[in-house]
Amino acid sequence: MLLKDKVALVTGSRRGIGKVIALKLAEEGADLIINDIEVNDNDDVIQEIRALGRKALAVSADITNKNDVIEMVEKALKEFSKIDILVNNAGIYPAHPFLEISEAEWDKVIDVNLKGTFLVTQVVASMAMTKANYGKIVNIASVDGKVPTLGITHYAAAKAGVISLTKSFAIELCQYNINSNAVAPGWVESETVLKGDRWKEAIKRIPSGRLGKLEEIAHAIVFLVRDESSYINGEILDVNGAIYMD
Ligand code: NAD
């Protein structure tokens, strides 16, 4: 096991990519703080982590609300005394043409994807990681943060911001032995993606000819948070089936 005795917080991990990341970290030996807007002990992810013999703490918190975030980290520290790994996964991606995006939707998309990543990282870093002189942060960016597709102007701007935050965190926090990296997925088969139609056109442009699997994103996270990756800092790792390369 690569992550024995580590404690990991994954935001937005009740379902989708975040859930599979949490399960993969647990398989590698980590105990988990499972965050979502609403999550409790009855959720599958909590039961599945416990079935693996690891601890799982469910914490409902809106990552765009600083008080919620502080309370979440307080609960986590009360239970585990430390947070070694933070995966900023929570995100939303409503699609509308640029000319139809409302101000409210712009604010919401920027708040969840960009401000949430800032807030959770600042609170976790100041209350836990800097004190422990140890930390591994991975932000879930997106290929859209590098080259936008049609219909997600706000999301693409937010994820470009997440890529920039990842690099700022790296240079600001390396003095505390904290690494900050990002994974930039292409199109991945989460329930939220599959229940829409946009992937049906997008798949024609993916050289690998298929969507990414949730486990393929989780595997990249494990690679970045293991101690052997300690000199990788500020990296944006593409996991996208060759749809985009830079
Ligand atoms: P999803 O909708 O299945 O899961 C996102 C989770 O985040 C949900 O459980 C949701 O409740 C939670 N969440 C939303 N707002 C929150 C908030 N304010 N506070 C706490 N939790 C909140 O989405 P997914 O497809 O699994 O995507 C996960 C991440 O991966 C997102 O950041 C997304 O932008 C990114 N991503 C996804 C794809 C893809 O193709 N699925 C591609 C690139 C990047």
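Just above sits the structure.
Rules of the game
- Residues numbered from 1 in each chain as written.
- Predicted model: local features only at pLDDT ≥ 70, side-chain atom pairs only at ≥ 80, totals over all residues.
- Heavy atoms only, no water.
- Near = heavy atom within 4 Å.
- Polar contact = N/O pair within 3.5 Å; in protein donor to acceptor, adjacent residues only side chain to side chain.
- Areas by Shrake-Rupley, 256 points an atom, 1.4 Å probe, with all protein chains shown as cover.
- Helix = DSSP H or I, 4+ residues; strand = E, 2+ residues; numbered from the N terminus.
- Nonpolar A, V, L, I, M, F, W, Y, C, P; charged D, E, K, R; others polar.
- 1 Å grid on protein atoms, 1.4 Å probe; cavity = no way out; pocket = protein on both sides within 12 Å on 5 of 7 lines; lining within 4 Å.
- Points joined across faces, edges and corners; volume = space filled by probe spheres on them.
- Pairing = 2+ DSSP bridges.
- Axes fitted to C-alpha atoms, helices over the stretch in contact; angles between N-to-C directions.
- Contact = heavy atoms within 4.5 Å.

*Asks:* Lay out the site of the ligand in plain terms, naming residues and giving numbers.
*Replies:* Taken together, 28 residues form the shell around the ligand, and within it D36, N89, Y93, Y155 and S190 come nearest. Take Y93: an N or O atom from its side chain is 2.5 Å from an oxygen atom of the ligand. Between the ligand and T192, the relevant distance is 2.8 Å, taken from an oxygen atom to a side-chain nitrogen or oxygen of the residue. About the coverage of the ligand: the protein hides 95% of its 830 Å² of free accessible area. Only α1 (16-27), β2 (31-36), α5 (153-173) and α6 (191-194) provide two or more residues apiece to the shell around the ligand. Its residues assigned to classes, the shell around the ligand shows 15 nonpolar, nine polar and four charged.

*Asks:* Any details on the layout of surface pockets? Residues and values, ideally.
*Replies:* Taken as a whole, the largest pocket encloses approximately 940 Å³ of empty space. Along its surface, the largest pocket is lined by 41 residues, and G91, I92, Y93, S190 and T192 are the ones closest to its centre. Elements that contribute at least two residues to the lining of the largest pocket include exactly α1, β2, α4 (103-132), α5, α6 and α7 (198-202). A per-class count over the lining of the largest pocket returns 20 nonpolar, twelve polar and nine charged. Within this model, the second largest pocket holds a volume of roughly 160 Å³. Elements represented by at least two residues in the lining of the second largest pocket include exactly α4 and α5. Broken down by element, the lining of the second largest pocket gets its largest block of residues, six residues, from α4.

*Asks:* Before we move on, can you summarise the sheet that holds strand β5 (residues 135-140) with the specific residues and values?
*Replies:* Spatial ordering of the open sheet is given by β3-β2-β1-β4-β5-β6-β7, a layout of seven strands whose pairing is parallel. The two strands at the open ends of the sheet, each matched to only one other strand, are β3 (56-60) and β7 (236-239). Pairs of neighbouring strands in the sheet enclose a mean axial angle of 20 degrees, with direction left out of account. Relative to β3, β2 runs parallel, the two being bridged by five bridges. Note on β3: the bridge partner recorded for I34 is A58. With respect to the sheet, helix α3 (residues 66-80) is in contact with β1 (7-10), β2 and β3, its orientation differing from that of β3 by roughly 165 degrees. Here α4 sits on the sheet and contacts β1, β4 (85-88), β5 and β6 (178-185); the angle it forms with β4, its principal contact strand, is near 175 degrees.

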